[in-house]
Amino acid sequence: MTTEKPHDTFPRQYARTQRFTAGAPRSFTVTPDGARVLFLRSRGTGQAANLLWSLDVATGAETVLADPEALLGGAAEELSAAERARRERSRETSAGIVGYTLDAAARTAVFVLSGRLFAVDTASGAARELPAATPLLDPRPSPDGTHVAYATPAGELRVTAADGSGDRLLAGPEEDGVRWGQAEFVAQEEMARDRGHWWAPDGGAVLAARVDDRPVRRWWIADPANPDRPPVEVAYPAAGTPNAEVDLWLLGLDGTRTEIRRDRAAHPYLARVHWAAGAPPLLQVQARDQREQLLLEADPATGETRVLLTERDPDWLELFRGVPVRAADGRLVRIADRDGARVLLVGEEAATDAGLHVRAVLGADEDGVLFTASTGAAEFERRPPGWLGVFEAGPDGVREVGDGALGAVRAGGTTVLTTAHPLRPGSTATVLRAGTEPRVIASYADTPLLTARPVFRFAGERRIPCAVLLPTGYDPDTDGALPVLMDPYGGPHGQRVVQAHNPHLVSQWFADQGFAVIVADGRGTPGHSPGWEKSISRRTAEVSVEDQVDALHALAEQFPLDLGRVAIRGWSYGGYLAAAAVLRAPEVFHAAVAGAPVTEHELYDTHYTERYYGHPATEPEAYRANSLVELAPALRRPLMIVHGLADDNVVVAHSLRLSTALLAAGRPHTVLPLSGVTHMTPQEEVAENLLLLQVRFLKESLGLPGRPL
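As the structure is a computational prediction, the values presented were derived from the model and not from experiment.

Asker: How would you summarise the packing of aromatic side chains if you had to cite specific residues and measurements?
Answerer: The description of an aromatic ring pair rests on the distance of the ring centres and on the angle between the ring planes. Taken as a whole and assessed by the stated rule, the structure comprises 20 aromatic pairs. Arranged with centres 5.7 Å apart and planes meeting at 20°, the rings of Phe371 and Phe391 form a pair that is stacked. Of this pair, Phe371 sits in strand S30 (residues 368-375) while Phe391 is found in strand S31 (residues 389-394), placing the two residues 20 residues apart along the sequence. Residue Phe391 is classed as buried on the basis of its relative accessible area, which comes to 5%. With 5.7 Å between their ring centres and 50° between their planes, Tyr613 and Tyr623 make a pair best called tilted.

Structure (structure tokens):
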């Protein structure tokens, strides 16, 4: 479904379609019998609100189960401040039904609209509103479907009966600053743990996090464009300062309470909780320096825990999505670094070797363990840069399920496989079931106005994964060498070089403005090897800039690059890298755009920052060595700094401190403040004009003619 507007441009289309995600199916669940697939999808461009859909696997028929417009009676959706913050942490830009949860049989789906609780019968499509305190967060039905637990912005954890017969408090804050059943800031932002309560398999109790934010220092984020509004108070655990205190309690529906005891002083971070039927709960906890973590088993009757496993690493221990879990036979499934490789472990047996670099576990059932993996260091160049696959580890070994797959879900003999291709826009969700014709779940996402043409290379001695994008219609024989735009993220957990089309669209648009665009995933980025990721420890600026330089020079031997006109742009870590590049290597980089850069690491959060630089009290030299503010006097190239004033992740103080240091050193620079904008830039006008302003600045800085297309 395409709704191209007259005189449309790519920046406008890119912003309006939420980066071409509007109308694309997502959030798939297969019912336990494999007969139906549930998913979210909006009606397409201009329709940000997701509906809940059901696909009949046998017939391929799609049915709307829940339509936000109908459920709200046409009223506009209203979000609480807590819900907006939760979406910011999860980088959620859509509207309507942005998530749903199910009981064990997938008979009932529950979700939030405008802070109200709704449930829908997934077989009949009958929807109803349940009694609940509003606004609410993160509703989750009990496995038997008789109750729904949810949290409130006031810090309460409540339970309502699924038959509508009543709602009651399960636990409430004893004092201001205490919250029950919610994930704390660093868990959401850095640990990929977005929940704070978990049902017991029998539905008789809830494991709940009790989060005490009172020790966390307070910051205040003001809106200078609206001085009549009071600043927003944020509990922000900056590096070296106190974290929230997180305890875990078992709350019985009968009113009983049992504290799950652990040594919180030694291992304060609650990273993962998993409770499978027929087994005790599993807890993964980390030391503050993240060099040691424990896997604990809790006794629900007494609250005592015992150590199943202790892991240590001289640099840090990564947290992985989907683990730890239990296999169908009860064995532990986890991901670990062994002998320089990242492997899948089932029990104590390694199911994979150095030929695969395991990324995440997607599920474990009686057929085996479903997981994603990149090519491992032992066979790194056997597949192209940025390759990802889905695999199954079963009784007969490991087999590939989908080449180039982004993910998969499976139940009852039915698999939904999501794949992408660098020469095909968007992604494809295919439903596979033995004896049934494969079904492709329809996408209503717009077709981009331009086509990305990434050329993939391994660059330099370190074989840095790269994507190169040249202007559409470029002829090297007549057009000559091209000015270069490096377009990296270049840091932890941010892979940009991928075997997919849409992630390269913005880079292609910049290329079509007359640049050779290079996306280089240097050391520190995921998908290569543990050593590759951890080589940035205590020296992110040095290593990240060095790899961008090496990739540029290596690719100049293969492509017509004008090394006398090289610019770099990026956002977040990419913004940090862009600014670091012109400060540390001005002989290579001639202009930079740094969006929302971290400039002083003491201003960023504990779990992320201390992982890479240590504690500022004990390793201050690591903070100084990687500070952009310390390098400010070295600036001699054009630099544009862009920052959202409402950013509560990388606060605007980062850019203001860098600008102040540049001014004190007499170094001219440009600052673009974005009023009302957070770390994301979902606003259509902001997202469009940011692209236009960046290319204009870069062209002017490099002495290039022309205006953006």
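Asker: Please provide a residue-by-residue account of the sheet that holds S30, values included.
Answerer: Reading across the sheet, the four strands line up as S29-S30-S31-S32 and stay open at both edges, with antiparallel pairing between neighbours. The two strands at the open ends of the sheet, each matched to only one other strand, are strand S29 (356-365) and strand S32 (397-403). Averaged over all adjacent pairs, the angle separating strand axes in this sheet is 30°, with direction ignored. As paired elements, S31 and S32 share six bridges and run antiparallel to each other. By the bridge assignment for S32, Gly394 is matched with Gly397.

Asker: Please provide a residue-by-residue account of the sheet that holds strand S24 (residues 305-312), values included.
Answerer: Ordered in space as S21-S22-S23-S24, the four strands form an open sheet in which the pairing is antiparallel. Taken across any chain shown, the strands that pair with only one partner, and hence form the sheet edges, are strand S21 (269-274) and S24. Here the average twist between neighbouring strands, direction ignored, is 20°. Examined bridge by bridge, strand S23 (residues 292-298) and S24 share seven bridges and lie antiparallel to one another. Residue pairing across strands places Ala298 opposite Thr305, the latter belonging to S24.

Asker: Any chance you could break down the nonpolar core for me, citing the residues and the numbers?
Answerer: In a soluble, globular protein the nonpolar side chains are often hidden away together inside. In this structure, Met486, Ile518, Leu552, Leu555, Leu561, Phe589 and Leu639 are the most contacted members of the largest nonpolar core, which totals 71 residues. Examining the composition of this core, we find that nine residues originate from one element, helix H9 (residues 573-584), more than from any other. Sequence-distant contacts of Phe589, defined by excluding residues within four places in its chain, comprise Met486, Val545, Gln548, Val549, Val566, Ile568, Ala581, Val582 and Arg637. Judged by nonpolar contacts, the second largest core, of 33 residues, contains Leu485, Leu692, Phe697 and Leu702.

Asker: Before we move on, can you summarise empty space enclosed by the protein with the specific residues and values?
Answerer: Under the counting rule described, the total for this entry stands at four cavities of 30 Å³ or more. Residue lining of the largest cavity: 18 residues in total, with Phe380, Gly386, Pro465, Gln495 and Gly527 positioned closest to the centre. Looking at the lining of the largest cavity residue by residue, the classes come out as nine nonpolar, seven polar and two charged. For the second largest cavity, the calculated volume is near 80 Å³. Around the second largest cavity, the lining residues are Glu184, Phe185, Val186, Asp213, Val216, Ala235, Pro237, Asn243, Ala244, Val246, Pro268 and Tyr269. Residues belonging to the lining of the second largest cavity are distributed by class as follows: nine nonpolar, one polar and two charged.

Asker: How would you sum up unusual backbone geometry? Please name residues and give values.
Answerer: Each neighbour pair has its own omega, and for Thr134 with Pro135 the value is -5°, a cis peptide bond. Here Pro135 shows up in the loop between strand S9 (127-129) and strand S10 (137-141). With an omega of 0°, the peptide bond between Val323 and Pro324 qualifies as cis. With respect to the element layout, Pro324 can be found in the loop between S24 and strand S25 (325-326). At Gln290, a position not held by glycine, the phi torsion is positive, near 65°. If you check the backbone angles, His493 has positive phi at about 65° while not being a glycine.

Scoring rules and cut-offs
- Residues numbered from 1 in each chain as written.
- Predicted model: local features only at pLDDT ≥ 70, side-chain atom pairs only at ≥ 80, totals over all residues.
- Heavy atoms only, no water.
- Phe/Tyr/Trp six-rings, centres within 6.5 Å; stacked < 30°, edge-to-face > 60°.
- Helix = DSSP H or I, 4+ residues; strand = E, 2+ residues; numbered from the N terminus.
- Buried < 20%, exposed > 50% of the residue type's maximum accessible area, 1.4 Å probe, protein only.
- Pairing = 2+ DSSP bridges.
- Axes fitted to C-alpha atoms, helices over the stretch in contact; angles between N-to-C directions.
- Core = buried A, V, L, I, M, F, W, Y, C linked by side-chain atoms within 4.5 Å.
- Contact = heavy atoms within 4.5 Å.
- 1 Å grid on protein atoms, 1.4 Å probe; cavity = no way out; pocket = protein on both sides within 12 Å on 5 of 7 lines; lining within 4 Å.
- Points joined across faces, edges and corners; volume = space filled by probe spheres on them.
- Nonpolar A, V, L, I, M, F, W, Y, C, P; charged D, E, K, R; others polar.

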